[in-house]
Amino acid sequence: MATDQTTAVRGSRGSRTAPDAPRRLSPRRWWREVGWRHVVALVALVFAILPILYIVSSSLNPSGSLTGSNRLFGTVAADNYVDLFTDPVHPYAKWFVNTLVIAGVTAVGTVFLGACAAYAFSRFRFRGRRGGLLSLLLIQMFPQLLAYVAIFLLMVMLRDLFPAIGLGSRLGLILVYLGGALGVNTYLMYGFFNTVPRELDEAATLDGASHAQTFFTIILRLVAPILAVVGLLSFVGTFSDFLIASIVLVDPDKQTLAVGLYQYVSQRFSEYWGVFAAGAVLAAVPVILLFQFLQRYIVSGLTAGSVKG
Amino acid sequence: MSRTTTPPAASPRSRTTRGPSHGPAGPDGPRGPRTWIGAQTFSAGFVVKLVLVGLVDALGVYGVLASAAQQQWGVLAFLVAALLVVNLVYFSRRAVPGKYLVPGLVFLLVYQVFVVAYTGWTAFTNYGDGHNSTREDAVEAILVQDEARVPDSPTYALSVVTRGDELAFAVVDPEGDPLVGAAEQPLEPAEGADVEGGRVVALDGYDVLDFAQVVARQSDVFAMRVPLSDDPNDGSLRTTDGSAGYVYASTMVYDEAAGTITDTTTGTVYTADETEGSFVADDGTALGTGWRVFVGLDNFTRVLGDASLRGPFVGVLLWTFGFAIGSVVLTFGLGLFLAITLNDWRVRGRTVYRSLLILPYAFPAFLSALVWRGMLNRDFGFVNQTLLGGAEIPWLTDPVLAKVAVLTVNLWLGFPYMFLICTGALQSIPQEVYEAGRLDGAKPWRMFRSLTMPLLLVSTAPLLISSFAFNFNNFNVVYLTTEGGPQDLSAPVDVGASDILITFVYKIAFGGVNRQYGLACAISILIFLIVATISAISFRKTRALEELG
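So, how was this worked out
Residues numbered from 1 in each chain as written. Chains lettered and ligands numbered in written order. Predicted model: local features only at pLDDT ≥ 70, side-chain atom pairs only at ≥ 80, totals over all residues. Heavy atoms only, no water. Helix = DSSP H or I, 4+ residues; strand = E, 2+ residues; numbered from the N terminus. Rg over C-alpha atoms; globule rule 2.2 N^0.38 Å. Buried < 20%, exposed > 50% of the residue type's maximum accessible area, 1.4 Å probe, protein only. Contact = heavy atoms within 4.5 Å. Areas by Shrake-Rupley, 256 points an atom, 1.4 Å probe, with all protein chains shown as cover. Lys, Arg positive; Asp, Glu negative; His and termini not counted. Charge placed at Lys NZ, Arg CZ, Asp CG, Glu CD. Salt bridge = Lys/Arg side-chain N within 4 Å of Asp/Glu carboxyl O. Patch = residues over 30% accessible without salt bridge, like charges linked within 9 Å, V, L, I, M, F, W, Y side chains within 5 Å. Axes fitted to C-alpha atoms, helices over the stretch in contact; angles between N-to-C directions. Parallel < 35°, antiparallel > 145°, perpendicular 65-115°, else oblique. Nonpolar A, V, L, I, M, F, W, Y, C, P; charged D, E, K, R; others polar. pLDDT = per-residue confidence, 0-100. 1 Å grid on protein atoms, 1.4 Å probe; cavity = no way out; pocket = protein on both sides within 12 Å on 5 of 7 lines; lining within 4 Å. Points joined across faces, edges and corners; volume = space filled by probe spheres on them. Pairing = 2+ DSSP bridges. Core = buried A, V, L, I, M, F, W, Y, C linked by side-chain atoms within 4.5 Å. Buried area = accessible area lost by both parts, 1.4 Å probe. Polar contact = N/O pair within 3.5 Å; in protein donor to acceptor, adjacent residues only side chain to side chain. Phe/Tyr/Trp six-rings, centres within 6.5 Å; stacked < 30°, edge-to-face > 60°. Lys NZ or Arg CZ within 6 Å of the ring centre and 35° of its normal.

**A word on the overall build of chain B**
Across its full length, chain B carries 20 helices and 15 strands. Over its C-alpha atoms chain B spans a radius of gyration of 34 Å, topping by over 25% the 24 Å that the globule rule assigns to 549 residues. Each principal axis of the C-alpha atoms in chain B carries an extent, and together these give about 110 × 85 × 50 Å. Counting the 549 residues in chain B, one finds 50% classified as buried. Of all intrachain contacts in chain B linking residues separated by at least 6 positions in sequence, the fraction that spans at least 24 positions is 58%. With the model as given, the accessible surface of chain B reaches about 25000 Å², and the carbon-plus-sulfur share is 61%. Side chains of chain B give 36 positive and 50 negative charges; the mean places of these two sets differ by 26 Å.

As structure tokens, then:
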């Protein structure tokens, strides 16, 4: 730790003064100051990537069992992917669609509800505004995650009253997720909305725009980056949620990838490994694509205080 | 959703008063007739609003009717209030902020405020398996449980029929009269029954199932019981083959006036105990099914006072701290180390390293846990078989190694996040600080300890605290990797060596045969109190750090 810090310091200092310094390093000094960094990085890379390589390799291994998957890329075939979509007990395609729809609708809904609330808090001065902001923060202290027993009991009750949004319903699950739409998101967006100059609203109002027209056609476009961050975080969070999805969705046809794939692993673990691996690889694709697509927003969103969910 | 605009020329008054901060309400206020209808123009926006609010109203009215039918007065009151608020807010010219807040607030109220309050309430009840309903339901369940075929009871010729989706039995009683009944509807004379060969072959309003259809639904048919009358003591009619019905009666007899249930086989009398929510005999044994009652602080005192439960709870609590702190320290340590290592412009391919190192972060967390679960399998897993050359290390089934396993998985998942943050934070530390340090003769380690770390912590401390709070409740990693196992068989509840509080609660509430919602909610509240206290204290401490920077 000690040496790396100094070299890091010297390195970055050197970058300003002597850009072609490395060519003059003796091999020994190069090793002491730069070379070992490659070794550390390579070891870390192995740790970071091996599980991913392993799961990709398992998914392509036709033996399909856990034991058979231990030689990386020993044999390559698409059998598992075919099995994945033809297994009648585990309707993978349905899980996939369910997950994309549930996470997508939740993300859009979360962004919309959060943006509306942030607009109200940022642009209007009304009685209870400060109190409202503060209560949002306090309510959020008790996360939905801890109330899942009560969520389950509420869904049982709703099943009798309104079957469409009760226990076992995908729409019901979306509504549960939307319960968390305000709160942290509103704070994140509220700060961003405040950076959009008010003069724009005033100009629009003078031109005869209603508050709705101002909101939908002007403000929402200007705050697009924060909408993307909130939408992505919500999508990934919902996509990965096992806890609430597992207690709300009982019917195999309605489940999400997290709940469905867990069953592959928890029941008859080792024979189903190859199929599970194929399912896992495909399930990771949308999230990784989104990360690539929105990478520059994510880094700023991360430092704004969100944690992986 | 959106409110219509009056074109400025048409209404000079509203033009002068309209502004984002206050709605252009007339002197009559929002309910004044002129501002209500007179100023609305039927523009596209207004039509959209009308349709949306109309839809909400239609759904709301449906909800009101449904809850009235089920006699759920609380739900009904909420719906009526919500409908009134929605209509007032959207058709008023005032309450502009309300138009933007109401949709989110409705969800917040139902799925967050209400469920939190409900968690609090449930924590003070004995809600759970065996205690999930009213006393009447409990009596019925107890009588049904101990039903046995009445010796030498008559045989009913039985046909299985359906009305819509609902199964029912159409029978011919020993006197030759046709009767019909369903699970919720005691036997009654069947009007319009067509009896042929001593059994019902057709019945108005019902479809008679043939043999193949009965076979297709046999598990439902065999589980079905049709009460003989409204009195649960009379017993019920069941079938074991789909063509003959027999009378089953309970060995338990309920006396409503005395509030007792008597077991006729043993003669034991069980008396209703309203504080326990169970029927209890003189010797203290209780019947398995009871009803929901308020038990005060019982759940909390059980967790903290009952020695057999306190042991596991304290163990889980300590490990939850160990897991959360360990996760933060390990991920931050590795992330910082890598950030420092790669924070040197002379390292070629830094951007490639960086983009590959954050791959675990982009991989969905629940998948990572499941993948590692396979890799760590003792007999067939990649780690033992390939990396360790055929070792048989019980990663997931040994109490200590299971903890190592979940920490490793979480390290894999979490270090890229810390790496990203530390890289950003390192780059924002001004180099002059180090030059000053060098002039003062500081050694590298001293500079790291006294300059880098404090400056880094200023920007990362809040993130470390939220990371701690997140990992304190990191359900996915623990449950999907080890399911909290290996199980501690000596404990009275389902609890394992790597369980953290939230997975412990999950198992109490949904895990085994005996679901204890009340107890689970009580522990949820304890978790909340712990996390909230820690967050409050540490945020205060970090403010001190910020003054440093």
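**Regarding the overall build of chain A**
Scanning chain A from N- to C-terminus turns up 15 helices and zero strands. Taking all 309 residues of chain A together, the buried fraction comes to 56%. Across chain A, contacts joining residues at least 24 apart in sequence account for 71% of those joining residues at least 6 apart.

**Details of the pattern of salt bridges**
Pairing between side chains of opposite charge can happen when the charged atoms of each approach one another. All names here are of chain B. Under the criterion given, the structure shown has nine salt bridges over all chains. A salt bridge links E483 to R373; its shortest N-O distance comes to 3.3 Å. With a gap of 110 residues between them, E483 in the loop between α18 (475–482) and α19 (501–511) and R373 in helix α13 (residues 365–375) connect regions that are remote in the sequence. Residues D494 and K507 are paired through a salt bridge, measuring 4.0 Å at the closest nitrogen-oxygen approach. Highlighted residues: D494 in the loop between α18 and α19 and K507 in helix α19, separated in sequence by 13 residues.

**A short note on a nonpolar patch on the surface**
Residue and element names in this part refer to chain B. The grouping of V47, V48, V51, L52 and L55 at the surface amounts to a nonpolar patch, some 400 Å² of accessible area in total. Note that L52 resides in helix α3 (residues 44–69). A residue is classified by how much of its surface remains accessible, and L52, at 34% relative accessible area, is partly exposed.

**Quick look at the packing of helix α4 (residues 92–123) of chain A against helix α13 (residues 257–266) of chain A**
Residues and elements named next belong to chain A. Between α4 and α13, whose axes approach to 8 Å, the crossing angle comes to 150 degrees. If you check the angle between α4 and α13, you find them roughly antiparallel. Residues Y92, W95, F96 and T99 of α4 pack against L257, G260, L261, Q263 and Y264 of α13. Tallied by class, the residues present in the contact of α4 with α13 amount to six nonpolar, three polar and no charged.

**A look at unusual backbone geometry**
Residue and element names in this part refer to chain B. The phi angle at Q71 is positive, at roughly 60 degrees, despite the residue not being glycine. A residue is classified by how much of its surface remains accessible, and Q71, at 55% relative accessible area, is exposed. The phi angle at E483 is positive, at roughly 55 degrees, despite the residue not being glycine.

**Overview of the confidence of the model for chain A**
Residues and elements named next belong to chain A. Residues at a pLDDT of 70 or more form 86% of chain A, whose mean pLDDT is 82. Segment residues 1–21 is flagged for pLDDT under 50; beyond a separation of four residues in sequence, or across chains, it makes 41 contacts in the model. Below a pLDDT of 50 lies the segment residues 304–309, which in the model reaches 21 contacts outside its immediate sequence neighbourhood of four places, other chains included.

**What about the layout of surface pockets?**
In this model, the second largest pocket occupies a volume close to 1400 Å³. Taken together, 41 residues form the lining of the second largest pocket, with L175 of chain A together with V56, L59, V106 and F107 of chain B sitting closest to its centre. If you list the elements that add at least two residues to the lining of the second largest pocket, you get α4, α6 (148–161) and α7 (170–178) of chain A together with α3, α4 (73–91) and α5 (96–122) of chain B. Here the residues of the lining of the second largest pocket are counted per class, giving 37 nonpolar, four polar and no charged.

**Some details on the sheet that holds strand β13 (residues 260–263) of chain B**
Within a sheet, adjacent strands bond to each other through the backbone by hydrogen bonds, running parallel or antiparallel. Residues and elements named next belong to chain B. Here we have four strands laid out as an open sheet, ordered β12-β13-β14-β15, and antiparallel in their pairing. Single-partner strands in this sheet number two, and they are β12 (252–255) and β15 (278–280). Pairwise comparison of adjacent strand axes, ignoring direction, gives a mean angle of 30 degrees for this sheet. Pairing of strand β14 (residues 269–273) with β15 involves three bridges; the strand directions are antiparallel. What sits directly across from A272, in β15, is F279.

**Observations concerning the pairing of strand β6 (residues 193–196) of chain B**
Relative to strand β7 (residues 199–203) of chain B, β6 of chain B runs antiparallel, the two being bridged by four bridges. Within the sheet, the bridge partner assigned to D194 of chain B lies in β7 of chain B and is A202 of chain B.

**What about the confidence of the model for chain B?**
All names here are of chain B. Residues at a pLDDT of 70 or more form 91% of chain B, whose mean pLDDT is 82. Within the model, the stretch residues 1–39 combines pLDDT values under 50 with 72 contacts to residues more than four positions away or in other chains. Both scores are given for the predicted complex: the pTM is 0.80, the ipTM 0.85.

**Let's talk about α19 of chain B**
For an α-helix the count is 3.6 residues per turn, leaving residues at separations of three or four pointing the same way. Burial analysis of α19 of chain B places ten of its eleven residues in the buried class, the great majority of the element. Buried residues of α19 of chain B: L501, I502, T503, F504, V505, Y506, K507, I508, A509 and F510 of chain B, and no others.

**Structural notes on the environment of A520 of chain B**
Checked against the element boundaries, A520 of chain B lands in helix α20 (residues 517–548). Here A520 of chain B falls in the buried class, since its relative accessible area comes to 0%. Spatially, the C-alpha atoms of A520 of chain B and D344 of chain B are 50 Å apart, while their sequence positions differ by 176 residues. If we skip the residues at most four places from it in the chain, A520 of chain B touches V149 of chain A together with V505, I508 and A509 of chain B.

**A look at the nonpolar core**
Y148, V149, L261 and F276 of chain A are the most contacted members of the largest nonpolar core, which totals 179 residues. The dominant element in this core, judged by the number of residues it contributes, is helix α15 (residues 399–427) of chain B, at 15 residues. Among all residues touching L261 of chain A, those that are not within four sequence positions of it are Y92, W95, F276, G279, A280 and A283 of chain A together with F366, L367 and L370 of chain B. The next biggest cluster of nonpolar side chains, apart from the first, holds 28 residues, and it includes C116, L182 and F193 of chain A together with V96 of chain B.

**Section: the interface of chain B and chain A**
Taken together, the contact between chain B and chain A spans 114 residues of the former and 120 residues of the latter. Roughly 10700 Å² is buried in total at the junction of chain B and chain A, and carbon and sulfur atoms are behind 76% of that figure. Among the residues chain B hides against chain A, the three largest losses belong to Y100, Y111 and R346 of chain B. Together they make up 9% of the total. On inspection of chain B and its partner chain A, the count reaches one salt bridge. Note that D344 of chain B is salt-bridged to R37 of chain A, the shortest N-O span being 3.6 Å. If you look at where chain B meets chain A, you find 15 residue pairs in polar contact (both at pLDDT 80 or more). Among the elements that take part in the side of chain B that touches chain A, α5 of chain B stands out by supplying 20 residues, more than any other. When its residues are assigned to classes, the side of chain B that touches chain A shows 77 nonpolar, 26 polar and eleven charged.

**Quick notes on the packing of aromatic side chains**
Summed over the entire model, instances satisfying the criterion amount to 50 aromatic pairs over all chains. Relative to F510 of chain B, the ring of Y506 of chain B has its centre 5.6 Å away and its plane inclined at 55 degrees; by these criteria the two rings are tilted. Residue Y506 of chain B and its partner F510 of chain B are both found in helix α19; the two are separated by four residues, about one turn of the helix. Ring pairs connect the aromatic residues Y148, F152, F242 and Y262 of chain A together with Y127, F475, Y479, Y506, F510 and Y517 of chain B, which therefore count as one cluster. Its end group placed over the ring of Y246 of chain B, R149 of chain B keeps NZ or CZ at 3.7 Å from the ring centre. Between the NZ or CZ atom of R238 of chain B and the centre of the ring of Y248 of chain B, over which it lies, the distance is 5.1 Å.

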